[in-house]
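Tertiary structure, described
What follows is the residue order along each chain.
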Amino acid sequence: PTKAFPPLLLQNGVKMTNEPPKGLRANVLGSMGKMDDRILCDCQKPEAFSRLVFGFCFFHAICQDRRKFGPIGWNIAYNFTPEDLTTNRRQLKYFLDNYEEVPYKVLQFLGAQINYGGRVTDKKDKVLINCMIKMFINQEVVEKGPDYKFSPGGLFYCPAAGDQEGFLSYLRGLPIMTPPEVFGLHENCEITCAESESFALLEAALSLGSGGGGGGGAAGAKSPEQVMDELAAELIDQTPKTFDLDEFEDKFPTRYEESRNTVVKQEAAKYNRLLDILHKQLPLFRRAVKGLVVMTEDLENVGQGLFMNNVPEGWGSVGFLSMKPLTAWYKDLNLRIDFFKRWYSDGHPITFWVSGLFFPQAFFTAVLQNFARANKYAIDRISFDVIVHDECQPDGSDMREAPASGCYMYGMFLEGCRWDEHNHFLAPSLPKQLFVPVPLVHFKAELDWPGKDGVYPCPVYKVLSRKGTLSTTGHSTNFVRDMAMPCREHPDHW
C-alpha cells in the first residue's frame, strides 16, 4: 500500500480473496493458463523448462487439492498460494540457464523444503511433500515425456507439447472428477471425502434447530428440556465410580524396576478428574433445568452437548482425546474404566489395550525404562522393533505369559491400507473398507536397534484427525509414535 491511497477507501472497501479452483483439472488449467508462450520459451533449455514448469503446476494442484481428503490428505490443511509456484518457476529458469545439467535434487529440495515446505509444520507432512515432489520433478519427466505417467492408470502425464496451447488442449481432455490414484491415495478416499462433506452439512443443519424450545410440533412431542433431562438421568446411571487412589498406591507402589506402576496411577488420577466432573455437573444440570439452581455457562454447554449428542467442551478438555458422539463416548468411557479395574484386580496384564490409555506415550516410555534399568542400559539407546502376531487372537486373549522384553498391544486400526494375514505385510485396502483392525503387536525393546529393510514407519495416532498440538511435555496431543510395519512396496508408496 502507498500513503497516497486513501485509508478510508480501504476501510470501507469490500475485501476479496482469490480461492484456488476446485478440482485438479481446473487448478492445473488455471496455472498453465498464466504460462504463455513467452514465459515457456524464456529459457536456454525450453523443452526441459516447459515440462518441468508443467510438473510444478501439477505438483501445486496436488498440494492444494489434497486438502479435500481431510487428515488423510494433509495432517494440517495448509494454504499454498500461487506465489509458491511463481517462485519455483523463477528458480527453475535460473538453474537451467546457469547449469549444463538439470539439478533435480536441488529443485526438489527448494520446492519441498523451502518454497512449499516453509508452510508445512507437521513432521509427517514434511515426509509426504518430499515424496510427492519426486513424482513430478525428476529426470524421467524431461526425457520420457508422455511415456512417464503420474498415476498407475496412465491418464495423467506431461504431454509432448511445444507451446501453451498444446498443454491446455491436453488438460481440457482430462476428466472433471479426478480419481484419487493421482494423489497417491486409494479409491476409498472418495468415500471418506463424501462422508466428511455429508457430516458437515448435517451438523450445520442440526445446529440450526438446536435453539431454544417452544412453538408447535406434534402433540405429545418432548421439549428440548425434557430430552436433555432424560438423557442426563440415563448418563448418571451409566457414570462409573471413581477409583480409590490410595488402594492403587498400595497395589502399585513406586518402584525403580517397575515404571508401569507410576503410569497406571497417573492414568487412574486422570480418569478420576473426568469422573468427578461428570458426577458433579450431571445432577446439577438436572436441577438447573427444573429451575432449582442458576443455569451457569458451563451447565448450558452441558445441555447443548446433551441435546446435540456432542461431548461438552468442559468434559472434552479434561477427558481423553476422542471424536465420537456423546453416547458412543460414554460407552467408550465405561470400557476404559473396566480395563483399569481389571488392571487393578489382576495386576499388570499380559496384553495391553493401547486405545484405553489416556497418555500412551508415557506407557511406551515406561516399557523402555523397565528394559533399560533391568539391563543397565542408557534409555536413549533403546528402541522398539515391531512383531505382528497375526496367528493369535486380535486381543491376545490366548497369550499365556508376558514377553521377555517390551509389551503386547492391541486396539489399533489401519486407515488407507490393511494387514495381509497370509503374506504378513501391509497391502492396499479392500474396496469400501475404510478401517481394518491391526492384529496383536509385540513392541520388542532392542538395544541399538539398527532398523531393518522392507518396513514402513507407520505413524500411530490417537484419533483420526491426526492433527495435534505440542503439550508441555514436548509430546503431541495426538501423535503417539512410529511403528515399523513390514511392507512389500517402497516406504514412499505409503
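Overview of the structure. Given the structure is predicted, the values throughout are model-derived calculations rather than measurements.

With respect to burial, strand 2 (residues 382–389) is a largely interior element, six of its eight residues being buried. In terms of strand pairing, strand 2 meets strand 8 (residues 440–447) through eight bridges, oriented antiparallel. The residue of strand 8 that forms the bridge with Asp-385 is Lys-444.

A word on the pattern of salt bridges. Under the defined criterion, the tally for this structure stands at 17 salt bridges. A salt bridge links Arg-255 to Glu-257; the shortest N-O distance between them is 3.1 Å. In this structure, Arg-336 engages Asp-332 in a salt bridge whose closest nitrogen and oxygen atoms are separated by 3.2 Å. You can see Arg-336 and its partner Asp-332 sitting in helix 16 (residues 326–346), four residues apart, about one turn around the helix. This pair shows no difference in class: Arg-336 is buried, exactly as Asp-332 is.

The next thing to look at is the packing of aromatic side chains. One pass over the full model with this rule turns up 40 aromatic pairs. With a centroid separation of 6.1 Å and an interplanar angle of 20 degrees, the aromatic rings of Trp-315 and Trp-329 are classed as stacked. Linking Trp-315 in helix 15 (residues 313–318) with Trp-329 in helix 16, this pair joins segments that are 14 residues apart in sequence. The pair formed by Trp-315 and Trp-329 is uniform in burial state, with each residue classed as buried. Geometry around Tyr-256 places Arg-373 over its ring, the cationic atom sitting 4.3 Å from the centre.

Glancing now at the side chain of Thr-239. Locating Thr-239 in the fold gives a position in the loop between helix 11 (224–238) and helix 12 (245–251). One polar contact links Thr-239 to Tyr-330, side chain to side chain, over a distance of 2.5 Å. Not counting residues within four places of it along the chain, the set of residues in contact with Thr-239 comprises Leu-275, Leu-278, His-279, Leu-282 and Tyr-330.

Along the chain, Pro-103 falls in the loop between helix 5 (82–98) and helix 6 (104–115). Look at Pro-103 and you get buried, because its relative accessible area is 18%. When the C-alpha atoms of Pro-103 and Asn-138 are compared, they prove to be 9.3 Å apart, with 35 residues separating the residues in sequence.

What counts, and at which threshold
- Residues numbered from 1 in each chain as written.
- Predicted model: local features only at pLDDT ≥ 70, side-chain atom pairs only at ≥ 80, totals over all residues.
- Heavy atoms only, no water.
- Buried < 20%, exposed > 50% of the residue type's maximum accessible area, 1.4 Å probe, protein only.
- Helix = DSSP H or I, 4+ residues; strand = E, 2+ residues; numbered from the N terminus.
- Pairing = 2+ DSSP bridges.
- Salt bridge = Lys/Arg side-chain N within 4 Å of Asp/Glu carboxyl O.
- Phe/Tyr/Trp six-rings, centres within 6.5 Å; stacked < 30°, edge-to-face > 60°.
- Lys NZ or Arg CZ within 6 Å of the ring centre and 35° of its normal.
- Polar contact = N/O pair within 3.5 Å; in protein donor to acceptor, adjacent residues only side chain to side chain.
- Contact = heavy atoms within 4.5 Å.

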